[in-house]
Structure formats: C-alpha cells, structure tokens
Amino acid sequence: IVKDGNPLGFPSVWLMAICISFVIKILNHPKRKLPPGPKPWPIIGNLNHLSSFPHKSLHHLSQKYGDLMLLKFGSKPVLIVSSPEMAEEILKTHDMIFASRPPLAAIKYFSYNYSDMTWASYGAHWRQGRKISLTELLNPRTLNSLEDIRVEERKTLISRLFNLSGKPILLKDHLTLFTLRTINRSIMSKTYCSDQSNSDTSIITHERLQWMLDEWFLLGGVINIGDWIPWLNWLDLQGYIKRTKALGKNMTEFYEYVLEDHKAKRQTEENYIPKDMVDAMLQLADDPNLEIKLTTDSIMGLIHDLVGGGTDTAATMIEWAFQELLRSPNIMEKAQQELDRAIGRERWVEEEDFSKLPYIDAIIKESFRLHPLCAMLPPRYSTEDCNVAGYDIPKGTTVYVNAWSLGRNPKYWDRPEEFIPERFIENGIDIKGQNFALLPFGSGRRKCPGNSLGMKVVRTTMANLLHGFNWKLGGDMRSEDISMDEISGLTTHLKNPISLITEPRLSLHLY
Ligand code: HEM
C-alpha cells in the first residue's frame, strides 16, 4: 500500500472499508418499520395517555392510531392490540414469541419471584406448573369427581339467601364466600377460613383471605410507575411496592399453614394416598425425577393462582350478568320462563341440565362480551424480534390485548353497546379462544386453564339464582338508575354494587 515511499493509500483504504461495512450493516438491518402511535414525551413516554380505566383510554387512542399501536411506557415499548385480526396475529400466528409475561417489579413480591403459573415467564417452569394444574385438578375427570362439593356449597348459598329473603343484601359478598369455599375445598379439602361452622380449623377469616385476593387482582393490573421508569422504583411513588410486599407476606403465612397441615397428615400414615391437589404437589416435590424441582414457593404460587382463578372470576362475572339483568327486567323474565319450561318449579338446576338452557347461556356470553373479566388480557412479552402485519416488533415489547375493545368492534357486533343476548342464540359462537372478537378466557398458550370449571360454576349458579328467587332492587332505586361504573385492576369490577332483595319462587320445601 506504500506508494513512492509514502503511506498515501492507507487512510483512503480504511475509509472505504468503514463505508462498505456501514452499507452492509444498513442492508442487513434496514430501518425498522414500527407500528404507529402517539409521540412519546421524554422520561414518561406515553404514560400521560392512561386514565384510571386504561382499556377505555387505549380504546379511544386506537381509534386514532390503529389496531396495532406502539406506545412507550417510560422508555419501554408497549404494543396495544385492539382488533380481532391483530389479536389473532399475536395470540395465534405468533403465539410462541409472545407467550411470556413481562417481569414487572410490583408482581415479583406476590408471585414468589415469578415462580407461580400466571406470572411465570414462558419456559419449562411455566409448562410444568400448567401441566400439574391440569392433571391434578382442571381435567374433566377430577372436576366431575368434585361436583358434590359444588352442589353442597350451592345449597349452602341458597339457604343463606333464603334466610335473608325480604332483607337487603349485596350479592357479591355471598357469591365470593360461595366460590372461595368451593375452590378451597376442591384444592385443599378444607376451606381454612373461619365462619360459624368451622372456626376451629381455620387460620384466617374469610374477610382476610378475600382481602388477599382483592389485592392480588388489583395489584396485578396496576400501572406501577417504577416498572416503566426503573430509576424511580425505589421511591415507590404510588405505594404499590409496599402493598405487594405486605400481600406476599400474608399469602406466605396462610399457605405455609396449609402446607404444614397437609404435611402433618401425610406423616400419620405410611404410603399415604394423596387426598387433594396440595397432597399431590407435596408428593411431586419429593420426586427426584421431576424435570424442574417443585419448590415450596412454586407450590404456594400455584395454589394461590388456582384459589384466585376459582374465586373472584366466577363471582365477578355473575355479578356483572345480574347487574345487566336488573337493568332489563324483561330479559330476566325470559330467562325465568326458560327455567320453568326446561326444569320446572319442583327441583334445582344441575350441571347436566345446561344444554336445555340456551337463553341463559346467551345471557352469560353477552355479559362476557360487554364486561370481559380482564378488560385487557394479562400482559404478554415478546422474546424475539418479530414482524406482525408488516410492522417490526422488537424483542422485549410488552403486549396488551384490549379484550374490552374486541367485544365492541362494530365490524363484528351489531349495536355493540347494547345488551342483546339473542345475538348468541343458535350461532355456536366459541368463547374458548377460537373467536378473536370474544376472548373472555384469552387465547393461545396462556389461555385460561380453568375455563371449564369457571363455566360450570357461572352457569349453574346463575341459573339457580334466577330459578330460586325473584330479585328486586333495594330502597327506592329504579332499574334505569343502575350504574355500570367500573374499578380496573387485573380484573374489572363493579364500582357500585347495589343492594338487592330476594323472594323465593320455588316450592318452600326445596330451600
Ligand atoms: C369465569 C371464570 C374465569 C374467567 C372469565 C377467567 C379468565 C381468564 C383470563 C382472561 C386469563 C388470561 C388468559 C391470557 O393471558 O390469554 C386467565 C388466566 C388464568 N386463569 Fe382463568 N378465568 C376463569 C376461571 C378460572 C379458574 C376456575 C381457574 C382455576 C381454578 C383459573 C386459573 C387461571 C390461571 C392459573 C391463569 C393463568 C394462565 C397462564 O398464565 O398460563 N381461571 N383466566
């Protein structure tokens, strides 16, 4: 390269090499085409666009920017999915890439460091947790074998409401007590919560356990500033980290007691045969051949996922459906006429009766459409770069599917804001994750593993409450005054539960 004794060619060759490598780099990584979205502010990104009802603010924003919208929460990319077509892209076409959950700081303290199922990242640990819940509890054979518990608890619920007939009640309180007792007995054989009948074996009150579940569902859905602007995390500006730590501590105290109680029973017998899911998990924890070691933390996390999944979900969905029926007395009357025709006034509705009640089924589906339990499905997280509908989605993007938006999409739903159960009669619309305009249980790898149990409880409870009682509004409230205001967390609740008065409508010897 030395010319006439001078190193003349040297700089130009190097310059050329740098230019060529730059061009190759650009050719290999052309400028990414990101989805549209509002311009982010420094530091906060687009957090200013979120109200206390993120599903609503993001729905409105998507009307302007489209059904695949990229925002920044702090400095982190967040993809908002607002149409059935785009939901299918994420939850079906690219399901595996988006099958993880973001490691949100607030959640760490009550998910046993993400070692439960709901908040675990995608991988062998999560797969094992899901497999255990399906083989030990959420499969058709085990669920059928647990039907007696559901029937017994339903009878207790009905006689409690019967004893209170004529007096104002808050339906939700009775529903959560019923679902909590049912799921606890199904998983751990006892309720472990005090009420008049079993205070000797209890460790906490029903109210305390309900508080834990309420906190779990609320804190699992909040936008914690420290998650998105990590250098502010230590300040815990909204106080959420403090609350999640307190929640984690309370959960551990309770579940440690449950585990110790089960271990003590196992020690009383040689070759002890597992009696419930907790026993089965303790046995698995001793299994040296298990793919991933089942730790005490994972067991506690899994139990809590199932207790939470089996309690708040069904109770909240029944409450939303009732709220709609109280606003439309003619629909409630039609449902009761169906019950009189198909079941008659001399018996209660059983799980096997459900195929005879298409109108009540339609009421439940219509409630799911307008009031999806998770207005935004729990967040997904991309583990690879990916192209969705022509847009580049970087690895490490958090994804929210707005289920509330999907159920209101005018392309799929006629008069979407109105409660019209008839739209579900005789059209077999799927609610288990195949129809992307209606995703009450999510879809894809992370879809709800408890949908079958959830539907059994929602259907028979709804049907029997309508069959067994006439429902009136308490005080001087009129149906047109009923508020549908919400409280948002991981699940969406009614803000103003109303007081109701029941009146028996079957032969009195049945109560
Ligand atoms: C009407 C009742 C129920 C509704 C509406 C419901 C709804 C949902 C939804 C929307 C998801 C998120 C799915 C996704 O991320 O795509 C979910 C996840 C989950 N549900 Fe349910 N659920 C119900 C009942 C249950 C029951 C009875 C259980 C268990 C006893 C349960 C346990 C779970 C668990 C563990 C997950 C997390 C799954 C994972 O991340 O892999 N759910 N549920």
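Residues numbered from 1 in each chain as written. Predicted model: local features only at pLDDT ≥ 70, side-chain atom pairs only at ≥ 80, totals over all residues.

1. Some remarks on the UniProt feature "binding site: heme" (unreviewed entry) in the protein chain
Then, in step 1: Feature annotation in UniProt places "binding site: heme" (unreviewed entry) on Cys-448, given in this structure's numbering.
Then, in step 2: Examined against the element boundaries, Cys-448 turns out to sit in the loop between α16 (403-406) and α17 (451-468).
Then, in step 3: Beyond its immediate sequence surroundings of up to four residues, Cys-448 is in contact with Phe-441, Gly-442 and Gly-454. (UniProt positions renumbered as here; feature names shortened; annotations may be inferred. Helix = DSSP H or I, 4+ residues; strand = E, 2+ residues; numbered from the N terminus. Contact = placed C-beta atoms within 7 Å.)

2. Considering unusual backbone geometry
Then, in step 1: Positive phi, normally seen in glycine, also occurs at Ser-189, with a value near 70°.
Then, in step 2: Mapped onto the elements of the fold, Ser-189 is located in the loop between α8 (171-188) and β4 (193-194).

3. A look at the site of the ligand
Then, in step 1: Within the structure, the ligand sits among 26 residues, and Gly-309, Gly-442, Cys-448, Gly-450 and Gly-454 are positioned closest to it.
Then, in step 2: If you list the elements that add at least two residues to the shell around the ligand, you get α13 (296-327) and α17.
Then, in step 3: Here the shell around the ligand gets 7 residues from one element, more than from any other, and that element is α13.
Then, in step 4: For the shell around the ligand, the residue count by class is 14 nonpolar, 8 polar and 4 charged. (Near = placed C-beta within 6 Å. Nonpolar A, V, L, I, M, F, W, Y, C, P; charged D, E, K, R; others polar.)

4. Regarding the nonpolar core
Then, in step 1: Residues Val-81 and Val-401 are the most contacted members of the largest nonpolar core, which totals 115 residues.
Then, in step 2: It is α13 that provides the largest number of residues to this core, a total of 14 residues. (Core = buried A, V, L, I, M, F, W, Y, C linked by C-beta atoms within 7 Å. Buried ≥ 20, exposed ≤ 12 C-beta atoms within 10 Å, placed from the backbone.)

5. Looking at the packing of helix α14 (residues 329-342) against α17
Then, in step 1: Contact pair α14 / α17: the axes reach a minimum separation of 9 Å and the direction vectors enclose 95°. By the criterion of interaxial angle, the relationship of α14 to α17 is roughly perpendicular. Judged by residue contacts, Met-332, Ala-335, Gln-336 and Leu-339 of α14 engage Ala-463, Leu-466 and His-467 from α17.
Then, in step 2: Residues of the contact of α14 with α17, tallied by class, amount to 5 nonpolar, 2 polar and no charged. (Axes fitted to C-alpha atoms, helices over the stretch in contact; angles between N-to-C directions. Parallel < 35°, antiparallel > 145°, perpendicular 65-115°, else oblique.)

6. Looking at the environment of Ser-145
Then, in step 1: Residue placement: Ser-145 occurs in helix α6 (residues 140-145).
Then, in step 2: In this structure the C-alpha to C-alpha distance between Ser-145 and Ser-186, which are 41 residues apart in sequence, comes to 9.7 Å.

7. Some points on the environment of Met-96
Then, in step 1: The topology assignment puts Met-96 in the loop between α3 (84-93) and α4 (105-108).
Then, in step 2: Distance in space between the C-alpha atoms of Met-96 and Ser-382 is 8.7 Å, their sequence separation being 286 residues.

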